[in-house]
Amino acid sequence: IYNSYDYILSINFNSIYHIYIKEKRIMEGLDLLQKTLTILMDLAAIHTILYLTTLKNMVCIYRFIIKDYNKAVEYYITIKDIILEIYGINHPFYSDVLNDLAESYNKSGDSDKANEYQQNLKEHLEMVKIHSPNSSNGKIDSRSQINYQI
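Residues numbered from 1 in each chain as written. Predicted model: local features only at pLDDT ≥ 70, side-chain atom pairs only at ≥ 80, totals over all residues. Heavy atoms only, no water.

Undergrad: Sorry if this is basic, but what is going on with the packing of helix α2 (residues 26-42) against helix α3 (residues 49-66) here?
TA: Close contact between α2 and α3 brings their axes to 10 Å; oriented N to C, the two are set at 155 degrees. Relative to α3, the element α2 is oriented roughly antiparallel. Crossing of α2 over α3 shows left-handed handedness. Of α3, the residues touching α2 (which contributes Ile26, Leu30, Leu33, Gln34, Thr36, Leu37, Leu40 and Met41) are Leu50, Tyr51, Thr54, Leu55, Asn57, Met58, Ile61, Tyr62, Ile65 and Ile66. A class-by-class count of the residues in the contact of α2 with α3 yields 14 nonpolar, four polar and no charged. (Axes fitted to C-alpha atoms, helices over the stretch in contact; angles between N-to-C directions. Helix = DSSP H or I, 4+ residues; strand = E, 2+ residues; numbered from the N terminus. Parallel < 35°, antiparallel > 145°, perpendicular 65-115°, else oblique. Left-handed = near helix turned anticlockwise from the far one by under 90°. Contact = heavy atoms within 4.5 Å. Nonpolar A, V, L, I, M, F, W, Y, C, P; charged D, E, K, R; others polar.)

Undergrad: Please clarify how α3 should be interpreted in this entry.
TA: Since the α-helix turns once every 3.6 residues, residues separated by three or four places project in the same direction. The terminal C-alpha atoms of α3, which comprises 18 residues, lie 24 Å apart, in line with the 26 Å expected from a rise of 1.5 Å per residue. Buried within α3 we find Leu50, Tyr51, Leu52, Thr54, Leu55, Asn57, Met58, Val59, Ile61, Tyr62 and Arg63. Residues of α3 that are buried sit in contact with α1 (4-22), α2, α4 (69-86) and α5 (92-108). (Expected span 1.5 Å × (residues − 1). Buried < 20%, exposed > 50% of the residue type's maximum accessible area, 1.4 Å probe, protein only.)

Undergrad: Help me understand the pattern of salt bridges, please; the structure alone is not making it clear to me.
TA: In a structure, side chains of opposite charge can pair up when their charged atoms sit close to one another. Inspection of the entire model under this criterion finds nine salt bridges. Put simply, Arg63 and Glu103 hold a salt bridge, and the shortest N to O gap is 2.3 Å. You can see Arg63 sitting in helix α3 and its partner Glu103 sitting in helix α5, a full 40 residues away along the chain. This pair shows no difference in class: Arg63 is buried, exactly as Glu103 is. Here the salt bridges share partners, and the residues they tie into one network are Lys56, Arg63, Asp100 and Glu103. (Salt bridge = Lys/Arg side-chain N within 4 Å of Asp/Glu carboxyl O.)

Undergrad: Quick question: what am I supposed to make of the packing of aromatic side chains here?
TA: For any pair of aromatic rings, geometry is given as the distance between the ring centres together with the angle between the planes. For the structure on display, the rule yields three aromatic pairs. Considering the side-chain rings of Tyr62 and Tyr75, the 5.8 Å spacing of their centres and the 15 degrees angle between planes classify their relative orientation as stacked. Taken together, the residues Tyr62 in helix α3 and Tyr75 in helix α4 connect sequence positions 13 residues apart. The exposure class assigned to Tyr62 is buried, which follows from its relative accessible area of 14%. Note on Tyr75: relative accessible area 12%, which makes it buried. On the basis of an interplanar angle of 15 degrees and a centroid distance of 5.6 Å, the ring pair of Tyr105 and Tyr117 is categorised as stacked. Highlighted residues: Tyr105 in helix α5 and Tyr117 in helix α6 (residues 111-131), separated in sequence by 12 residues. Here the two residues Tyr105 and Tyr117 agree in accessibility, since each one is buried. (Phe/Tyr/Trp six-rings, centres within 6.5 Å; stacked < 30°, edge-to-face > 60°.)

Undergrad: I'm lost on the environment of Ser108 in this one. Help?
TA: Within the secondary structure, Ser108 is located in helix α5. What makes Ser108 partly exposed here is its relative accessible area of 29%. The sequence separation of Ser108 and Asp68 amounts to 40 residues, and the corresponding C-alpha distance is 7.9 Å. Those residues in contact with Ser108, other than ones at most four positions away along the chain, are Tyr69 and Asn70.

As structure tokens, this is what we get:
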């Protein structure tokens, strides 16, 4: 399906990035992740776990290391859109990204957007609880908990 050399190269870039981060070579790590995204986009492989993982790695750098919350939000929105397209609204990844968006908007100082995503998360978790096969025992079919507070 994908040119195997390019796909394997993108996997290797994504793996090497971890070494750069450990060595605090943040910009070099970001560069490798960006190359990975470019390769995967060229291969039309944006609906793969590798693409989502690469986006998530980039967002972690921007959110937790560089603390560029606006850039983190950009990547989270892309992740959210891909999750919706691939997995649908009922997947636990969807509630995770809503929570991450609420937290990142809060850190960026946009409390209106943070509140919006917090409300979306609460509504989503309630919907999942209602439609969950486990809803009769009060469990929510999601890895996320509402841990975000303004």
